[in-house]
Structure formats: structure tokens, C-alpha cells
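# Summary of structural features
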Amino acid sequence: MGLGFIKQSFKRQIFAAFLSVLILLVIPGGILTIHTFQTRVRLDYETRDLEQEKYVSGRISEMLELSKNALEKLSRSQVIREALKTGSGNTIDVYSELYRETEDIRNFAVIELYRGRKCRYSTGTGNGSLMTSDYYWILKEAEAGKDVVVYALNSSTEDAGSALLMVKKILDVPEPCFIVIRLSQEQVREQIKEGISSRDGFILANRFLRPFCLIGTAEDGLVLSKVRENLLSSEAYNSDIRDNVYLSELPGTELLCLYITPPVLEESAVKAGYRVLLLLVLFGMIVCFIAASKFSEFFSRPINELYRAMKRFRKGDFDTKIELDREDEFQQLAVGFNKMTTQLKETMEEQVRSERKVTETRIAMMQAQLNPHFLYNTLDTIKWAAKANQVSEVATLASSLAGILRYSISGKQFSPLEKELEMIRRYCDIQRIRFDDCFTLKLEVGDELLNAIVPKLILQPLVENSIIHGMEGQKDGRIQVRAEVEETDGNRAFAEDMAGGNPDADYGHTGLPGSELTGEKTGNSRNLRIDIEDNGRGISDEYIKALETDDEETLKGHLGLNNVNTIMRMYYGKEYGVKASRREEGGTLITVRVPLEFGDEDK
């Protein structure tokens, strides 16, 4: 109804056209622009975020590397080893060595030397027994780790952050001795503050995602908790996280860095972009309506003039002319209309003269039909003369050819299937004599189908095709013609009646169950399928494809196939016609499919 309403007005059609262009251009273009802008900004910010993340993780790596180097220097120092080995030593010499070897890291780390469970020396404030310390187990882990650096937490508080401890065992001493470097959250935050803005966050965690430090917006631990949940669920670590999260592992350690930045564009900003796009569309609709009104007014005047002129012409005024004071396409239309009326008037006069010629030609064609009759009468005379002289082949040839000519020159376009089959028999009689009985013809058609009406001369060209193209060189050739009813619309009851499954079916005077002539009582359509099968050489794939595509150039050698297929489609439509295929056991199968009809061939 909506489309019909638009078609009723030229103005509405122009408005619909303008609106369609607007919708197809502005809306997709606007959405594409918004998404492109989002992508561009996201990429720019992502590049910046990655640079910041690289700076922060690099600074952390540098701190850890300096701390690791300090551990190595301290573990090799003879002064420190001797002091820890004996449990006593010159404190001034020990601290002098300790401060000298840790000069690069004292600004962000506290260094402690342990003998057993007792902290002997420290760059920080306070020392004492570790029996109740939270990181007593770290020393146990370092004791089992031999000559390795152990990274560990000194707190069991979940997601609250703690100091990062780097522990190294001193070998070749009688009592377990350790060097501990402690990096507090405050010191880490101080070292990386230049790479983190007030809106960013940073997390340094172990491989189990236990945090050493949570800085900035990550201090609440929500992002860390969600990352841990995603990894445990085998999902992407940043799945369903609104912020941008960048996860990386520090080289040579089992420590993870998570850099967190806020979304590039807030949802409100994106919505604002779509609201602007909506306003542009509404404004465009108003402009389209105004433009459609102006255009329709501009075009309607010459169109109305054309309409009035055509109306006068339709009423019989062949001298109608249109005069438009324009220089555009409408002027060309007017000139074309004037030329058309002049030419049409001349054509009508010419048509009267042509009709007179056609009548004369038809009279000549009727006279030309005397030639086939003359040939038929002559062949009939030859037949009786051959019989009188006992030359049976000549009599058969003359009789069969006479029957074919008689059937061919009849003026009817349709005929019963029985006459088509008789035509095939006569034609095969002639060809068997010509080819020394190199083939046999077998017809399998039920009596109930003999009165089916089909277009005249559709089977003889197909049989001729089988003989000419398939029987050459054959000694025991076979041509078989079958006809059967093909069901459509699921008419299974009719198929069972034809197969004898319904002994009470009423066949009527046509012999077909449940209908008098065309099957109208059943309410179902039926087709007549005729198969022409031979055991010849078989048709090629090229000709099969050419028949399906109506390739007349390729079908020149099979003109009969093409002609019959063309006639079928002209009469019944493209769903009917001729189909060719090769038999698995050799030869060709030609199938003709037409609607099943009975009655008078004249109608």
C-alpha cells in the first residue's frame, strides 16, 4: 500500500528518490565516519599507551636488573661473605662495602643481609629476628633455590599489594645466609610516576597475578580481579573490561606488568555523534521535500502538455503536434512525439498496402500446396505399380512416404499421440530399408495415452536424430519409445490408479482415472513424458550443454533437437521441452515433457 501511495504522485516519487539517496549516502557515510574516527583515535591512543607501557615496563626492568646486579656483587664480596660466615666482622667495613655495591639502587630499594633467621645488616631502619615475619617462607624458598634469584611477596594480603623481595642465597657458608633487596610500592610508584598520568593505572604482579604494587586507577584491584577471572575461564585477559589493558611479561623474570588506561571515547561522545547524524538526516529530509516540490513543479508542466497531446492522438487526431519553448530533454521528447505521429500515420498507410500484398501472397501459397499433393498422388501411383510388379521395398517406401507427406501437409498444429507414433513407424520403415535393417523400433505406449494431444511432428525429428547420429555402423541397433504420465503437485492417488492399485477407479471414456478430458476433477496437473532411447554412440556433453542453453550455433548438426525444443517452449513455456542425456550402458536418452491434455486437436 505504501509503494502504491508513492506511485500515485510524481512529487512523492521524486521525494522518495531524494530520500533514498539521502539514506544511502548520509546514514552509511555518517556511521562510517564515526567508526573511522573512533578507529583512528583508538589507534593513536593505543600507540601512545604502548609507548607509555614500554617506558614503565622498561623502567621496572631496569630497576630489577640493577637490583640483580647488586645481588651478584654482594654475593661475591669477600668482606660480606666473611662477615656472614663468622657472624662477626668490622661493621664499618661491612657497611662501607654494602653501601658501595648498592649505590645504584639505594634510592628505590632497601638491602638486608641475613644470617640464619637474623637480619645482621640493613640499609633501612630496624632489624631483628624473622621468626614472626610474613616473608620468613621466602628465605626457605631461597634456601632451596641454590644459586638463583627469588622474586616473592612479603605479604599474604590479597590484591592489596606488597613489597617486592629479591632474595639470593650465599653459597659455601656453614649457616644459611641471604641477601634481600626490598622494593616498596611507594618507591616503585616514585620511579615510574613520569610514565603514568592521573587517569592511568599500573600493576606489577607475579605469574599467579598476586600484586606487588597497584598504582593509580588500579589501586581498587577490580581490574586485576577481572583479568584473573578471565584467565581462569580461558578467555581473553581483557574480555568485558571497559578500560584498555595491556599485559606484558618482564624478560628474564616471572613478573607481569599490566598497564591500564581509560577508554579513548566515552559512550556519551559516541552517542553525541549519532545524535548529530540524526539531526543531519532530519534536516536532509526537509531539504528533500522542498527540492521534490520544486522539481515536480518544474517537470509537471511539460509532462501535462505531453499527456494532453497523447490523449488527442489516442482519440484519432493523427495530426497532433506539441510545441514547447524549451531546450532540454522535454523539447527532444516533443520533437520525437511529432516525428512519431508523422511516421505512425505513414506506417498505417503502408500497412494497408502491406495487407493487400499479404492477401496476394496467401493465394500464392495455397496454389503452391498443389505441389505436395501432386507428389503424394505420384507416389501413390508408384506404390500400386510396385505392387503390380511385386517389388515390395518400393511399395513400402512409396506407401510410407505418401503417409508422411499426407500427415505433414495437413493444416493442424496438434495431433493425437497415436498419429505421431504412426508417423514414426512409417519413417522407420523407410530408414530400415535404407540402412539394411540395422535397427529395430519398439513402442511402449499404453492405450489410455494414444488420444493425448501433442504438437504435430515433435517425435519424428528426435527419432531421425537417433538414427542419423546413433545408428551409423550399428548391426543390432535398438530404438525404444515410451510414454507415461508424470505426476506433479504430489498426485500419488492418480499414480496408484495408473499402476493398477485402484481397481474401482472411474476411467471414463478417455481411459484416465478420475477425469473426463484434462483431469479437471482431480484438481492436479499432470505431464506427459515421452522417452526416446537408443543404444547408439551417445550424445556428447557439448550438445547436451548446447541444448540446455539454446546454443543454435553448436546445435547445427542436431537441428531437429533444437527445433522441437523451441516449439515446446513456445507452446508451453520454459519448464517444458526436450532434455538429452547419455545412458550408462551406452546410447542416448531423449526426454520430451508436455502437459497431459485430451480432446479435439482442432481446439
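In this text, all values refer to a predicted model and were calculated from it rather than measured experimentally.

This part is about the nonpolar core. Among soluble globular proteins, nonpolar side chains are generally buried collectively. With 44 residues, the main nonpolar core has L417 and L528 as its most contacted residues. Per-element tally for this core: the top contributor is helix 12 (residues 417-434), with seven residues. With residues up to four places along the chain from it excluded, the contact list for L417 reads V445, L449, L450, A452, V454, L459, A483, L528 and I530. Listed in part, the 39 residues of the second largest apolar core include A83, A109, V173 and F212.

Strand order across the open sheet formed by five strands is 11-13-14-16-15, with mixed pairing between neighbours. This sheet does not close on itself; its edge strands, each paired only once, are strand 11 (439-445) and strand 15 (577-582). Geometrically, the sheet is characterised by an average inter-axis angle of 15° between neighbouring strands, direction not taken into account. Pairing of strand 11 with strand 13 (residues 477-487) involves seven bridges; the strand directions are parallel. Each bridged residue has a counterpart across the sheet, and for T440 the counterpart in strand 13 is R478. Taken strand by strand, helix 13 (residues 460-470) contacts strand 11, strand 13, strand 14 (526-534) and strand 16 (588-595), and its axis lies near 20° from that of strand 14.

Our next topic: the pattern of salt bridges. This structure, assessed with the given rule, holds 22 salt bridges. With a closest N to O distance of 2.6 Å, D429 and R432 form a salt bridge. Taken together, the residues span about one helical turn, with D429 and R432 both in helix 12 at a distance of three residues. Note that R482 and E533 form a salt bridge whose closest N and O atoms lie 3.4 Å from each other. Of this pair, R482 sits in strand 13 while E533 sits in strand 14, and the two are 51 residues apart along the sequence. Among the charged side chains, a salt-bridge network with shared partners connects R482, E486, R529, D531, E533, R583, E585 and R593.

As a further point, take the packing of aromatic side chains. Following the criterion strictly, the structure yields three aromatic pairs and no others. For the ring pair Y95 and Y99, a centre distance of 6.2 Å and an interplane angle of 40° mean the geometry is tilted. On the criterion of helical spacing, the pair formed by Y95 and Y99 is a turn pair, its members being four residues apart in helix 4 (residues 91-101). Owing to a relative accessible area of 34%, Y99 belongs among the partly exposed residues under this scheme. An angle of 80° between the planes, with centres 5.6 Å apart, marks the rings of Y95 and Y121 as edge-to-face. Of this pair, Y95 sits in helix 4 while Y121 sits in strand 2 (residues 118-122), and the two are 26 residues apart along the sequence. Judged by its relative accessible area of 24%, Y95 is partly exposed.

Once that is clear, we can look at the confidence of the model for the protein chain. Per-residue confidence for the protein chain gives a mean pLDDT of 76; residues scoring 70 or more make up 77%. Confidence drops under pLDDT 50 across residues 127-134; counting only partners more than four residues distant or on other chains, this segment forms 14 contacts. Counted against residues more than four places away or in other chains, residues 361-370, with its pLDDT under 50, gives zero contacts.

The next subject is the sheet that holds strand 9 (residues 256-261). Read from one edge to the other, the open sheet built from four strands follows the order 7-6-9-8, with strand pairing classed as antiparallel. What marks the edges here is a single partner per strand, and that holds for strand 7 (211-216) and strand 8 (244-249). With direction set aside, neighbouring strand axes in the sheet form an average angle of 10°. As judged from the five bridges shared by strand 6 (residues 201-205) and strand 7, these two strands associate in the antiparallel manner. Each residue of the ladder has a partner; that of A205, found in strand 7, is P211.

Once that is clear, we can look at the side chain of Q52. As for its placement among the helices and strands, Q52 is situated in helix 2 (residues 10-76). Taking the relative accessible area as the measure of exposure, Q52 reaches 19% and is therefore buried. With residues near it in sequence (within four places) discarded, Q52 still touches G195, D200 and Y259.

Rules used throughout
- Residues numbered from 1 in each chain as written.
- Predicted model: local features only at pLDDT ≥ 70, side-chain atom pairs only at ≥ 80, totals over all residues.
- Heavy atoms only, no water.
- Core = buried A, V, L, I, M, F, W, Y, C linked by side-chain atoms within 4.5 Å.
- Buried < 20%, exposed > 50% of the residue type's maximum accessible area, 1.4 Å probe, protein only.
- Helix = DSSP H or I, 4+ residues; strand = E, 2+ residues; numbered from the N terminus.
- Contact = heavy atoms within 4.5 Å.
- Pairing = 2+ DSSP bridges.
- Axes fitted to C-alpha atoms, helices over the stretch in contact; angles between N-to-C directions.
- Salt bridge = Lys/Arg side-chain N within 4 Å of Asp/Glu carboxyl O.
- Phe/Tyr/Trp six-rings, centres within 6.5 Å; stacked < 30°, edge-to-face > 60°.
- pLDDT = per-residue confidence, 0-100.

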